[in-house]
Amino acid sequence: MTTGHLEAIPISAGDAVYLSGYNSPASSLAQWLPTLPQEAMVVLDPGPLVGDIPAGIWGPIMNRLDLLTLNAREASSYSGQSDPEAALPIISSQLSGLSRVLV
């Protein structure tokens, strides 16, 4: 899904947006997510390629998420920590405001 495809989706305040890394390239998400209304809830499941996403792409994504969902392997891949409990504070520190992470 390209940024153009994402921009064609009407998102309003109060909407909930669920995104999967399986069909939404991180570069497109990094461009699109900052344009969404702050009142829209955004949930991302980046999928198993979470560790392959360049660090520079993560900033705009993490700044806009309300909830990030990862399994233990994905949390390890993202954080570099083998223990999910050790990964959690690393991941949480990169989320903004009241955002949450679910492992």
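Details of the structure are given in the entry above.
Worth saying up front: this structure is predicted, and the values here are computed from it rather than measured.

### Focus: the packing of helix α4 (residues 72-79) against helix α5 (residues 84-92)
Argument step 1. Contact geometry for α4 and α5: axes closest at 9 Å, N-to-C directions at 55°. In terms of orientation, α4 lies oblique with respect to α5. Crossing geometry of α4 relative to α5 is assigned as left-handed. Residues A72, A75, Y78 and S79 of α4 form the contact with α5, whose own contacting residues are P84, A87, I90 and I91.
Argument step 2. Looking at the contact of α4 with α5 residue by residue, the classes come out as seven nonpolar, one polar and no charged.

### A look at the sheet that holds strand β2 (residues 41-45)
Argument step 1. With respect to topology, four strands assemble into an open sheet ordered β1-β2-β3-β4, the strand pairing being parallel. The open sheet has two edge strands, β1 (16-20) and β4 (100-102), and neither has a second partner. Taking the axes of each pair of neighbouring strands and ignoring which way they run, one obtains an average angle of 15° across the sheet.

### What about the nonpolar core?
Argument step 1. One finds L33, I61, L65, L68 and I91 to be the most contacted residues of the largest nonpolar core, which totals 25 residues.
Argument step 2. Of all the elements in the fold, those that place two or more residues in this core are β1, α2 (26-32), β2, α3 (55-62), α4 and α5.
Argument step 3. Here this core gets four residues from one element, more than from any other, and that element is α2.
Argument step 4. In contact with L68, not counting residues within four places along its chain, are L44, P46, M62, I91, L95, R100, V101 and L102.

### A few points about the pairing of β1
Along a regular strand, successive side chains alternate from one face of the sheet to the other.
Argument step 1. Bridge count for β1 against β2 is five bridges, and the pairing is parallel. Note that in β2 the partner of A16 across the bridge is M41.
Argument step 2. Read as a crossover between parallel neighbours, the route from β1 over α2 to β2 is right-handed.

### Observations concerning α3
Argument step 1. Where α3 is concerned, the buried positions are W58, I61 and M62. The buried residues of α3 occupy one face: seen down the axis, they fall within an arc of 85°.
Argument step 2. Those residues of α3 hidden inside the fold are in contact with α2, β2, β3 (67-69), α4 and α5.

### Thoughts on the pattern of salt bridges
Argument step 1. Scanning all chains against the criterion turns up one salt bridge.
Argument step 2. With its nearest N and O atoms 3.5 Å apart, the salt bridge here joins D66 to R64.
Argument step 3. Residue D66 is classed as partly exposed on the basis of its relative accessible area, which comes to 29%.
Argument step 4. On the accessibility criterion, R64 (4% relative accessible area) is buried.

Cut-off values and rules
- Residue positions are given per chain, counted from 1 along the sequence in the order it is written.
- It should be noted that, the model being predicted, local features are given only for residues of pLDDT at least 70 and side-chain atom pairs only at 80 or more, the latter also being counted only at that level, while totals for whole chains, interfaces and linings use all residues.
- Excluded from the side-chain calculations are hydrogens and water; all other atoms, namely the structure's heavy atoms, are used.
- Fitted lines through C-alpha atoms serve as axes, helices being fitted only where they are in contact, and the angles separating the N-to-C directions of these axes extend from 0 to 180 degrees.
- In this text, helices come from DSSP runs of H or I with a minimum length of four residues, and strands from runs of E with a minimum of two, each type numbered from the N-terminal end.
- Oblique is the label for any angle not under 35 degrees, not over 145, and not in the 65 to 115 range, which are roughly parallel, roughly antiparallel and roughly perpendicular in turn.
- Helix crossings get a hand from a simple test, with the near helix turned counterclockwise from the far one by less than a right angle marking a left-handed crossing and a clockwise turn marking a right-handed one.
- It only takes one pair of heavy atoms within 4.5 Å for two residues to be counted as in contact.
- Classification used: nonpolar for Ala, Val, Leu, Ile, Met, Phe, Trp, Tyr, Cys and Pro, charged for Asp, Glu, Lys and Arg, polar for all others including Gly.
- DSSP bridges decide pairing: two strands pair if at least two such bridges lie between them.
- Residue types Ala, Val, Leu, Ile, Met, Phe, Trp, Tyr and Cys, when buried and joined through side-chain atoms within 4.5 Å, form a set referred to as a nonpolar core.
- Accessible area is worked out with a 1.4 Å probe on protein chains only. A residue is then buried under 20% of its type maximum, exposed over 50%, and partly exposed in between.
- The handedness of a crossover follows from its direction of travel: if, with the strands pointing away from the viewer, the path from the first strand over the helix to the second runs clockwise, the crossover is right-handed.
- The directions from the helix axis to the C-beta atoms form the arc being described.
- Salt bridges are defined by distance alone: a side-chain nitrogen of Lys or Arg within 4 Å of a carboxyl oxygen of Asp or Glu.

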